[in-house]
Amino acid sequence: MDKLETLAAIALDLTAEISAEDRYDRLLEALHRAIPYDAATLLRVEKNRLIPLAARGLTPDAMGRVYERKDHPRLDIICNSSRPVLFSQDSSLPDPFDGMLAVDPKGLHHIHACLGCPLYVHDKLVGVLTADSLDPGAFNYLPEQYLHTIGLMAGAQMQVADLVKALEDKAKRQGQIASDLMHDVALQRGSDILGQSAVIRKLRQEIELVAKSDFTILVLGETGSGKELVARGIHRHSSRRDKAMLYLNCAALPDSLAESELFGHVKGAYTGAAGDRAGKFELADGGTLFLDEIGELSLEIQAKILRVIQEGEIQRIGSEKVLHADVRLIAATNRDLESEVRDGKFRADLFHRLNVYPIFVPPLRERKEDIAILAGFFIERGQKKLGLEKVRIAEEALALLSRYDWPGNVRELDNILSRAVLKASRTPGKDDLLQIRPEHLAGDLGSAIYVAPARLTEPAGAGQAISFREEVNSFQRKLITRALDHNSGNWAAAARELDMDRSNLHNLATRLGLRKKK
Ligand SMILES: Nc1ncnc2c1ncn2[C@@H]1O[C@H](COP(=O)(O)OP(=O)(O)OP(=O)(O)O)[C@@H](O)[C@H]1O
Ligand SMILES: [Mg+2]
């Protein structure tokens with residue numbers, strides 16, 4: 001074995017493009033050519049613990065352990081030394097790897113030769129290199145200066161690996177931010193909060209106002225009311241607009257994943273944690289983190305988020321290292337968090353931290369004057385998607401939309417109109433004009449359509465005494481007749497156009513006198 005050759009091999013690897021893991025494995029392999037060890041390890045020093053980076057000749061569990069300095073006097077001595085340490089073969093101090101040698105899995109023999117090199121980078125202890133052998137004289141003839149040089153080079157390898165890893169992390173971080181930004185861009189098309197109702201105007205003012213601060217914002221509102229749009233609006237108007245807004249849907253994650261998504265993890269932190277990974281808090285540094293559906297988080301994760309908010313510190317799962325992140329938090333939920341707090345499902349302390357500035361997005365039924373504007377926007381979008389010429393909405397259809405209660409809010413309006421545009425495109429009216437008519441909304445608006453009075457098409461003159469029931473009947477008659485007209489009297493096709501079950505249509509038409517009783 002050539003000692004110089006070994007040093008040259010380690011030195012050449014310094015500039016090689018290899019992963020940290022391979023770098024460490026190759027170091028131990030090169031070392032084996034110069035030093036006849038049965039087992040060797042490279043450990044990183046973190047506070048008072050040593051964490052294995054690579055091992056050779058040990059049983060697999062050795063890599064999974066963490067070695068506290070206070071529990072392992074030999075490691076502690078190496079850490080306190082500035083030069084390599086060769087333990088005498090009759091040393092009574094226990095060897096940290098006793099019973100873990102792969103050549104002696106049953107642990108029948110004690111390790112007899114043991115040496116350790118402290119690894120320094122710029123005078124700071126960063127790691128430890130150890131070698132063990134069952135042969136008591138294995139390391140006796142190694143010059144101390146040689147071991148010292150190996151220690152210096154191993155320290156350099158660790159530094160290079162750290163630098164490479166920092167670069168890789170940065171690249172990964174940029175990749176993740178880029179993908180969140182792509183998601184942003186995809187949503188940008190409809191990123192304006194449309195509407196002229198007083199409540200929406202007030203909401204837009206509120207957004208601009210709070211955007212200037214760094215307050216945590218809690219966005220409340222029913223499903224589909226526009227909470228995400230509001231959160232994105234706040235970020236876009238804030239001084240952080242040039243940084244990313246990271247998004248996390250808390251509802252879509254089981255507990256175990258939520259923690260790693262939020263805080264990140266280090267390799268081996270749990271089964272399946274194949275590599276190091278930054279969490280969203282870390283990635284959002286300087287920007288905004290949007291925690292959507294925060295009401296779905298478990299109490300356990302809530303406690304962890306609270307800690308980050310209180311202390312501004314994050315730790316990746318499995319790491320001791322404390323990181324700082326400057327993150328503006330926006331949370332949203334459609335739950336009534338106050339009552340969740342009363343029921344013990346949401347932590348009161350976290351609620352108060354989030355509730356510094358609550359913003360309430362009003363449901364669509366409380367701002368029906370916005371429906372026409374929103375409808376115009378969604379119809380135009382639907383029309384573009386289908387490559388259609390101008391699609392209009394009939395006044396009666398618009399009036400119907402105003403009568404409906406909108407439990408699914410703006411998203412429901414969007415969905416219904418997208419379907420209506422498609423239905424209208426299949427039934428062109430006069431001069432090929434595409435018009436959304438009440439029947440295109442029929443199935444979707446459920447009973448709303450049947451309470452729509454006939455006045456919509458034929459205003460009843462003042463004083464004209466027409467009963468509510470009679471107005472409804474007349475409107476329904478009109479819809480059915482028109483559907484039959486479109487479909488040359490074919491009842492099955494008319495039922496399809498009205499999005500009704502055929503036998504229900506038969507029954508209704510019979511009751512309205514449009515069809516003879518069979
Ligand atoms: N005022 C508005 N102007 C234009 N589009 C809107 C408006 N409000 C909501 N939308 C659109 O409606 C859809 C639903 O909005 P958003 O996703 O923000 O709702 P949400 O409150 O987050 O819903 P959920 O509780 O289901 O997550 C989106 O496509 C959004 O662009
Ligand atoms: Mg949402």
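Residues numbered from 1 in each chain as written. Chains lettered and ligands numbered in written order. Predicted model: local features only at pLDDT ≥ 70, side-chain atom pairs only at ≥ 80, totals over all residues. Heavy atoms only, no water.

By the naming in an unreviewed UniProt entry, the protein goes by Anaerobic nitric oxide reductase transcription regulator and is assigned to Desulforhopalus singaporensis.

S.K.: Sorry if this is basic, but what is going on with the domain arrangement of the protein here?
M.R.: One frequently used descriptor of interface size is the decrease in accessible area upon assembly of the parts. Splitting the protein by domain gives domain 1 (3-165), domain 2 (189-362) and domain 3 (366-511). The C-alpha centroid of domain 3 is placed 40 Å from the C-alpha centroid of domain 2. Between domain 2 and domain 3, the residue contacts involve 14 residues of the former and twelve residues of the latter. Counting the surface lost from both domain 2 and domain 3, the interface buries some 1100 Å², and carbon and sulfur atoms represent 55% of this. Taken together, domain 2 and domain 3 are joined by zero salt bridges. Between the two partners, domain 2 and domain 3, sit eight residue pairs in polar contact (both at pLDDT 80 or more). Residue composition of the side of domain 2 that touches domain 3, by class: five nonpolar, seven polar and two charged. (Domains from an automatic or database assignment. Contact = heavy atoms within 4.5 Å. Buried area = accessible area lost by both parts, 1.4 Å probe. Salt bridge = Lys/Arg side-chain N within 4 Å of Asp/Glu carboxyl O. Polar contact = N/O pair within 3.5 Å; in protein donor to acceptor, adjacent residues only side chain to side chain. Nonpolar A, V, L, I, M, F, W, Y, C, P; charged D, E, K, R; others polar.)

S.K.: What's the story with the site of ligand 1 in this structure? I'm lost.
M.R.: Ligand 1 sits among 17 residues. The nearest are Leu194, Thr223, Gly224, Lys227 and Arg411. Contact between ligand 1 and glutamate 228: an oxygen atom at 3.1 Å from a main-chain N or O atom of the residue. A distance of 3.1 Å separates an oxygen atom of ligand 1 from a polar backbone atom of leucine 229. Notes on ligand 1: free accessible area 630 Å², of which the protein chains cover 88%. Considering each element in turn, the shell around ligand 1 owes the most residues, three residues, to helix H7 (residues 227-237). Counted by class, the shell around ligand 1 contains five nonpolar, six polar and six charged residues. (Near = heavy atom within 4 Å. Areas by Shrake-Rupley, 256 points an atom, 1.4 Å probe, with all protein chains shown as cover. Helix = DSSP H or I, 4+ residues; strand = E, 2+ residues; numbered from the N terminus.)

S.K.: For this particular structure, what's the right way to read the packing of helix H13 (residues 371-385) against helix H14 (residues 395-403)?
M.R.: The description of two helices packed together rests on the angle between their axes and the distance between the axes. For the pair H13 and H14, interaxial distance at closest approach is 10 Å and the crossing angle is 120 degrees. Classified by the angle their axes make, H13 and H14 are oblique. Classified by chirality, the crossing of H14 by H13 is right-handed. In this structure, H13 uses Ile371, Ala372 and Ala375 to contact H14, whose residues at the interface are Leu398, Leu401 and Ser402. Residue classes in the contact of H13 with H14 are distributed as five nonpolar, one polar and no charged. (Axes fitted to C-alpha atoms, helices over the stretch in contact; angles between N-to-C directions. Parallel < 35°, antiparallel > 145°, perpendicular 65-115°, else oblique. Left-handed = near helix turned anticlockwise from the far one by under 90°.)

S.K.: Hey, could you run me through the environment of alanine 278 in this one?
M.R.: In this structure, alanine 278 sits in strand S10 (residues 277-278). A C-alpha to C-alpha distance of 21 Å links alanine 278 and glycine 64, two positions 214 residues apart in sequence. Apart from the residues lying within four places of it in its own chain, the contact partners of alanine 278 are Gly264, Leu283 and Arg316.

S.K.: Explain the nonpolar core to me, please; I cannot follow it from the model alone.
M.R.: Note that soluble globular proteins tend to have their nonpolar side chains buried in a common cluster. Of all hydrophobic cores here, the largest spans 32 residues; its most connected members are Leu28, Ile35, Leu42, Leu119, Leu129 and Phe139. Breaking this core down by element, the ones donating at least two residues are helix H1 (3-14), helix H2 (20-34), strand S1 (39-46), strand S2 (49-56), strand S5 (113-121), strand S6 (124-133) and helix H5 (144-188). The greatest single-element share of this core, amounting to seven residues, is contributed by H5. The residues contacting leucine 28, other than those within four sequence positions of it, are Tyr37, Ala40, Thr41, Leu42, Ala54, Ala55, Arg56 and Leu129. (Core = buried A, V, L, I, M, F, W, Y, C linked by side-chain atoms within 4.5 Å. Buried < 20%, exposed > 50% of the residue type's maximum accessible area, 1.4 Å probe, protein only.)

S.K.: What should I look at first to understand the sheet that holds strand S3 (residues 67-68) in this one?
M.R.: Hydrogen bonds between backbone groups are what pair the strands of a sheet, and the pairing can be parallel or antiparallel. Strands sit in the order S3-S2-S1-S6-S5-S4 across an open sheet of six strands; the sheet is antiparallel. One side of each edge strand has no neighbouring strand; the edge strands of this open sheet are S3 and strand S4 (85-87). Packing of H2 onto the sheet brings it into contact with S1, S2 and S6, and relative to S2 it is tilted by some 65 degrees. (Pairing = 2+ DSSP bridges.)

S.K.: Sorry, what's going on with the environment of arginine 49 here?
M.R.: Relative to the elements of secondary structure, arginine 49 occurs in strand S2. On the basis of relative accessible area, arginine 49 is assigned to the buried category, the value being 19%. Each C-alpha atom, one on arginine 49 and one on aspartate 13, is 27 Å from the other, the two residues being 36 residues apart in sequence. Excluding residues within four positions of it along the chain, arginine 49 makes contact with Arg44, Val66, Tyr67, Glu68 and Glu320. Of the polar contacts made by the side chain of arginine 49, one reaches the side chain of glutamate 320; its length is 2.5 Å.

S.K.: Looking at this structure, how should I read the pattern of salt bridges?
M.R.: For the coordinates displayed, the defined rule picks out 27 salt bridges. In this structure, the salt-bridge partner of arginine 74 is aspartate 95, at a minimum N-O distance of 3.4 Å. Residue arginine 74 is found in helix H4 (residues 73-80), and its partner aspartate 95 is found in the loop between S4 and S5; the two are separated by 21 residues along the sequence. For arginine 74, a relative accessible area of 6% corresponds to the buried category. The exposure class of aspartate 95 is buried, given its relative accessible area of 7%. Close ionic contact of glutamate 144 with arginine 83 constitutes a salt bridge, the shortest N to O distance being 2.7 Å. Of this pair, glutamate 144 sits in helix H5 while arginine 83 sits in the loop between H4 and S4, placing them 61 residues apart in sequence. Taking the relative accessible area as the measure of exposure, arginine 83 reaches 30% and is therefore partly exposed. Overlapping salt bridges, with partners in common, bring together Arg49, Glu68 and Glu320 in one network.

S.K.: Mind showing me how you'd approach the sheet that holds strand S11 (residues 288-292) here?
M.R.: Across the sheet, which stays open at both edges, the five strands sit in the order S8-S11-S14-S7-S15 with parallel pairing between neighbours. Where the open sheet ends on each side, the last strands, each with one partner, are strand S8 (245-249) and strand S15 (357-361). For this sheet, the mean angle separating the axes of adjacent strands, direction not counted, is 20 degrees. Of the strand pairs in this sheet, strand S7 (residues 217-221) and S15 are connected by five bridges, and their pairing is parallel.

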